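# Tertiary structure, described
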Amino acid sequence: MSSKKVVTVAVLATVLTWSTVMTVLGHAAAVAALLPSLGLLVQQIVQALTPPDSPRPPAAPGSAAAGEQEPPR
């Protein structure tokens, strides 16, 4: 596992642990205020850990998807 992934997982674990501690101590209002940012954090971490989409194969010459050729005049 790369160091970037280790740091990402450590940050996620820290934030989720802190949120759990706040909830256990009765700070539900603070947790409710943090939920949108926690959701964004989880989404960004999942995106960072997911490999990028594979490149698409080039379109066939002359096909409508190619889109690089000018129409005949």
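One structure accompanies this document, and this report is about it. Every residue gets a number counted from 1 within its own chain, in the order that chain's sequence is written. Local features in a predicted model are, by the rule used here, given only for residues with pLDDT of at least 70; side-chain atom pairs are given and counted only at 80 or more, and totals for whole chains, interfaces and linings are based on all residues. Hydrogens and waters are ignored; side-chain quantities use all the structure's heavy atoms.

### Structural notes on a nonpolar patch on the surface
- Only residues whose relative accessible area exceeds 30% and that take part in no salt bridge are eligible for patches, with like-charged residues grouped when within 9 Å of each other and nonpolar side chains (Val, Leu, Ile, Met, Phe, Trp, Tyr) grouped when within 5 Å. In this description, accessible areas are obtained by the Shrake-Rupley approach with a 1.4 Å probe, and a residue is regarded as covered only by the protein chains that are shown. Whenever a carboxyl oxygen of Asp or Glu lies within 4 Å of a side-chain nitrogen of Lys or Arg, that contact is scored as a salt bridge. On the surface, L16, V42 and V46 cluster together to form a nonpolar patch covering roughly 220 Å² of accessible area.
- Looking at the element boundaries, V42 is found in helix α2 (residues 28–49).
- Whether a residue is buried, partly exposed or exposed follows from its accessible area with a 1.4 Å probe, protein chains only, as a fraction of its type maximum: under 20%, in between, or over 50%, in that order. Overall, the relative accessible area of 36% leaves V42 in the partly exposed class. The numbering of helices and of strands both runs from the N terminus, where a helix is a DSSP run of H or I of at least 4 residues and a strand a run of E of at least 2.

### A few points about the packing of helix α1 (residues 3–24) against α2
- The axes are straight lines fitted to the C-alpha atoms, using for helices just the contacting stretch, and the angles between their N-to-C directions are given from 0 to 180°. Where α1 contacts α2, the two axes come as close as 11 Å, and the packing angle between them is 160 degrees. Classed by the angle they form, the pair α1 and α2 counts as roughly antiparallel. Seen along the crossing, α1 lies across α2 with a hand that is left-handed. Touching K5, T8, L12, V15, S19, M22 and T23 of α1 are A30, V31, L34, L38, L41, V42, I45 and L49, all from α2.
- Considering only residue class, the contact of α1 with α2 consists of 11 nonpolar, three polar and one charged. Should an angle fall under 35 degrees it is called roughly parallel, over 145 degrees roughly antiparallel, and 65 to 115 degrees roughly perpendicular, with every other angle called oblique. In a left-handed crossing the near helix is turned counterclockwise from the far helix by less than a right angle, and in a right-handed crossing that turn is clockwise. Whether two residues are in contact is decided by their heavy atoms: any pair within 4.5 Å suffices. For this classification, Asp, Glu, Lys and Arg are treated as charged, while Ala, Val, Leu, Ile, Met, Phe, Trp, Tyr, Cys and Pro are nonpolar and the rest, including Gly, are polar.

### Notes on the side chain of T8
- Tracing the backbone shows T8 in helix α1.
- Classification of T8 as buried rests on a relative accessible area of 15%.
- Pairs of N or O atoms within 3.5 Å make up the polar contacts considered here, provided that, within protein, one atom can donate a hydrogen while the other can accept it, and that residues adjacent in sequence are counted only when both atoms are side-chain atoms. Within the structure, the side chain of T8 is placed 2.7 Å from the backbone oxygen of K4, a separation counted as a polar contact.

### Considering α2
- Take the number of residues in a helix, subtract one, and multiply by 1.5 Å to get its expected span. Counted at 1.5 Å a residue, the expected span for α2 with its 22 residues is 32 Å, and the 30 Å between its end C-alpha atoms agrees.
- The principal kink in α2, of about 45 degrees, is found at L35, preceding the proline P36 by one to four residues.
- Where α2 is concerned, the buried positions are V31, L38, L41 and I45.
- Elements in contact with the buried residues of α2: α1. One fitted axis covers the seven residues ending at a residue, a second covers the seven starting there, and the bend at that residue is the angle between these axes.

### Some thoughts on the environment of V11
- Residue placement: V11 occurs in helix α1.
- With relative accessibility at 39%, the residue V11 sits in the partly exposed group.
- Separated by 30 residues in the primary sequence, V11 and L41 have C-alpha atoms spaced 9.5 Å apart.

### A few points about α1
- The end-to-end C-alpha distance of α1 is 31 Å, a good match for the 32 Å that 22 residues give at a rise of 1.5 Å each.
- For α1, the full list of buried residues reads T8, S19 and M22. For α1, the angular spread of the buried residues around the axis is 65 degrees, confining them to a single face. α1 presents S3, T14 and V24 as exposed residues on the side facing more than 90 degrees away from its buried surface.
- In the stretch just after α1, G26 is the one whose phi turns positive, near 95 degrees. An arc is given here, and it is the one of the directions from the helix axis to the C-beta atoms.

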